[in-house]
Amino acid sequence: MKVPQIDLWAHHEPLMEEFRQAMDRVVRSNQFILGQEEKDFEKACAEYLEVKHAIGVGNGTDALAISLRALGIGPGDEVITTPFTFIATCEVIVALGAKPVFVDIKPDTCNMDSAKIEPAITAKTKVILPVHLYGQAAEMDPILEIARKHGLKTLEDAAQAFGSTYKSRKVGGLGDVTIFSFFPTKNLGALGDGGLITTNDDDLYEKCRLIRVHGAPKKYYHTLVGQNSRLDTLQAAFLRIKLNRIDEYNQKRTDNAQAYSGVLKDFVGVPVTHSDCNHIFHQYTIRTNKRDELKQFLNQNAIGIGIHYPYPLHLQPVFKDLELEKGSFPEAEKAANEVMSLPVFPELTTEQRAYVIDKVKEFFS
Ligand SMILES: Cc1ncc(COP(=O)(O)O)c(C=O)c1O
């Protein structure tokens, strides 16, 4: 049996007729960038995410950059974030000339440890940027409280957490600004690139909307230096079809996760869901100190796995100027050596799931 890490064709095949109809509509409308379908998608996202504003952009990385620019971040500023995330979270901070300041993660959830934030705050700190890793929200109440106390803004990277909740509230309207990615393998994925910014703040909404279209409030009239990062109409139309089913997709991921954990807890460290959170399992990430051997064994048995992530950001060559040494963030470094994501996509069959479980058990027996 073969089990891929993710099977996008199995995900898309049942939707093909709706995709064809959407394409027909969009091509006939002659609107390819933003457009009415994109506006409708933004509205549907805002309603679903229980937030006032949603802004469709080119991808999740641009969503981060536009949000930071709207928050006024530039040279001399510091942004507190996690060293255990995808490069984009940190790359945008550096690209704007600001400095990322890392705080270590909690060993159970791999999310930023809120208890380590206050000692990292300096006079230059402007933003706290937590990541809702693997589909589970970071500790938002303590983070928002620290931000309030120190007059800081929050930007949440929810690229992996569409539909996730914290204390029964959807991620997307908790802090000042939140971003999502619609990269095809994300739990809500486009058929290409796409991203979203959400906020309840009218001023930040206006700024983000302007920045995504060359700082132009009307055609050929520019009030600030922006960039070009707009969601394609076609992608918005495709995403709308999947948005209608996102709860079902997230539930299937959760069912797979629960089935895995019920057995695998006796062999490996299984994901911990915090009682405040509804984890949507964008990734089902286990931990074991035999990670590399298990990876090889599963690959030999035609099971696709992912390592999210093999190198913590403070040890990436690209950030050598930060002069952070091995040992600076021990929990992130340990996680990088131990984590492995198993196939958890919604269309995973019970036979495939049982096969993965059997192979993990076989490895440890
Ligand atoms: C945590 C995180 N942040 C940001 C991004 C960037 O999103 P995109 O690939 O849409 O630019 C991703 C996804 O790749 C991600 O996983």
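Predicted, not measured: the structure shown is a model, and the values here were computed from it.

**Looking at the overall build of the protein chain**
- Scanning the protein chain for helices and strands turns up 12 helices and 12 strands.
- Against the 2.2 N^0.38 benchmark of 21 Å for 365 residues, the protein chain shows a C-alpha radius of gyration of 20 Å, consistent with a compact globule.
- Residue burial in the protein chain is summarised as follows: out of 365 residues, 56% are buried.
- Taking contacts inside the protein chain between residues at least 6 apart in sequence as the whole, the part at least 24 apart equals 71%.
- Working note: accessible area of the protein chain is about 15,900 Å², and carbon and sulfur atoms make up 50% of it.

**Details of the sheet that holds strand 7 (residues 169-170)**
- Taken in spatial order, the three strands line up as 7-6-10 in an open sheet, and their pairing is antiparallel. Both edges of this open sheet fall to strand 7 and strand 10 (277-278), since each of them pairs with a single strand only.
- For strand 6 (residues 165-166) and strand 7, the ladder comprises two bridges, and the chain directions are antiparallel. Counterpart to Tyr166 in the pairing with strand 7 is Arg169.

**Comments concerning the site of the ligand**
- In the vicinity of the ligand lie 15 residues, with Gly60, Thr61, Asp157, Ser181 and Lys186 positioned nearest.
- One nitrogen or oxygen atom from the side chain of Asp157 is found 2.7 Å from a nitrogen atom belonging to the ligand.
- One nitrogen or oxygen atom from the side chain of Ser181 is found 2.7 Å from an oxygen atom belonging to the ligand.
- Summarising the interface, the protein chains cover 93% of the accessible area of the ligand, which totals 390 Å² for the free molecule.
- Contributing elements (two or more residues each) for the shell around the ligand: helix 4 (60-70) and helix 5 (88-95).
- Of the residues assigned to the shell around the ligand, the class counts are five nonpolar, eight polar and two charged.

**A look at a nonpolar patch on the surface**
- On the surface, Met23, Val27, Phe32 and Ile33 cluster together to form a nonpolar patch covering roughly 370 Å² of accessible area.
- With respect to the helices and strands, Phe32 occurs in the loop between helix 2 (16-29) and helix 3 (35-49).

**Some words on the state of the cysteines**
- Following the criterion strictly, the structure yields zero disulfides and no others.
- A disulfide-free cysteine, Cys110 has its sulfur positioned 13 Å from the sulfur of Cys277, the nearest such atom.
- Its relative accessible area of 5% is what places Cys110 among the buried residues.

**Some details on the nonpolar core**
- Ile117, Phe162 and Leu243 are the most contacted members of the largest nonpolar core, which has 49 residues in total.
- Split by domain, this core shows at least three residues from each of two domains, domain 1 (8-103 + 111-243) and domain 2 (246-364).
- In this structure, Phe162 is in contact with Cys45, Tyr48, Leu49, Phe180, Phe182, Asn187, Leu188, Leu196, Leu243, Ile246, Asn250 and Ile280, ignoring residues within four places of it in sequence.
- Counting 39 residues, the second largest nonpolar core, distinct from the first, contains Tyr284, Leu313, Leu348 and Val356.

**Considerations on the sheet that holds strand 5 (residues 153-157)**
- One open sheet accounts for seven strands, arranged 1-9-8-5-4-2-3; its pairing is mixed. Taken across any chain shown, the strands that pair with only one partner, and hence form the sheet edges, are strand 1 (53-57) and strand 3 (99-102). Pairwise comparison of adjacent strand axes, ignoring direction, gives a mean angle of 25° for this sheet.
- Examined bridge by bridge, strand 1 and strand 9 (residues 195-199) share five bridges and lie antiparallel to one another. Residue pairing for strand 9: Gly56 is matched across the bridge by Leu196.
- Relative to the sheet, helix 4 contacts strand 1, strand 2 (78-81), strand 4 (125-129), strand 5, strand 8 (177-181) and strand 9, its axis offset from that of strand 8 by approximately 165°.

**Notes on the UniProt feature "active site" (unreviewed entry) in the protein chain**
- Within this numbering scheme, the UniProt entry marks Lys186 as carrying the feature "active site" (unreviewed entry).
- Look at Lys186 and you get buried, because its relative accessible area is 18%.
- Every residue in contact with Lys186, bar those within four places of it in the chain, is listed here: Ala159, Gln160, Ser181 and His282.

**Some remarks on the pattern of salt bridges**
- Counted under the stated rule, the structure contains 22 salt bridges.
- Of the charged contacts, one joins Arg212 and Glu42 as a salt bridge, the two residues approaching to 3.0 Å between their closest N and O atoms. Pair noted here: Arg212 is in helix 7 (residues 202-212) and Glu42 is in helix 3, with a separation of 170 residues, a long-range link. As far as the burial class goes, Arg212 and Glu42 line up, both buried.
- Salt-bridge contacts for Glu206 lead to Arg209; the nearest nitrogen and oxygen are separated by 4.0 Å. Residue Glu206 and its partner Arg209 are located together in helix 7, separated by three residues, close to a single helical turn.
- Judged by relative accessible area, Glu206 falls into the partly exposed class, the value being 41%.
- On the basis of relative accessible area, Arg209 is assigned to the partly exposed category, the value being 32%.
- Salt bridges here are not isolated pairs; linked through shared partners, they connect Glu38, Glu42 and Arg212.

Thresholds, definitions, all that
- Residues numbered from 1 in each chain as written.
- Predicted model: local features only at pLDDT ≥ 70, side-chain atom pairs only at ≥ 80, totals over all residues.
- Heavy atoms only, no water.
- Helix = DSSP H or I, 4+ residues; strand = E, 2+ residues; numbered from the N terminus.
- Rg over C-alpha atoms; globule rule 2.2 N^0.38 Å.
- Buried < 20%, exposed > 50% of the residue type's maximum accessible area, 1.4 Å probe, protein only.
- Contact = heavy atoms within 4.5 Å.
- Areas by Shrake-Rupley, 256 points an atom, 1.4 Å probe, with all protein chains shown as cover.
- Pairing = 2+ DSSP bridges.
- Near = heavy atom within 4 Å.
- Polar contact = N/O pair within 3.5 Å; in protein donor to acceptor, adjacent residues only side chain to side chain.
- Nonpolar A, V, L, I, M, F, W, Y, C, P; charged D, E, K, R; others polar.
- Patch = residues over 30% accessible without salt bridge, like charges linked within 9 Å, V, L, I, M, F, W, Y side chains within 5 Å.
- Salt bridge = Lys/Arg side-chain N within 4 Å of Asp/Glu carboxyl O.
- Disulfide = S-S within 2.5 Å.
- Core = buried A, V, L, I, M, F, W, Y, C linked by side-chain atoms within 4.5 Å.
- Domains from an automatic or database assignment.
- Axes fitted to C-alpha atoms, helices over the stretch in contact; angles between N-to-C directions.
- UniProt positions renumbered as here; feature names shortened; annotations may be inferred.

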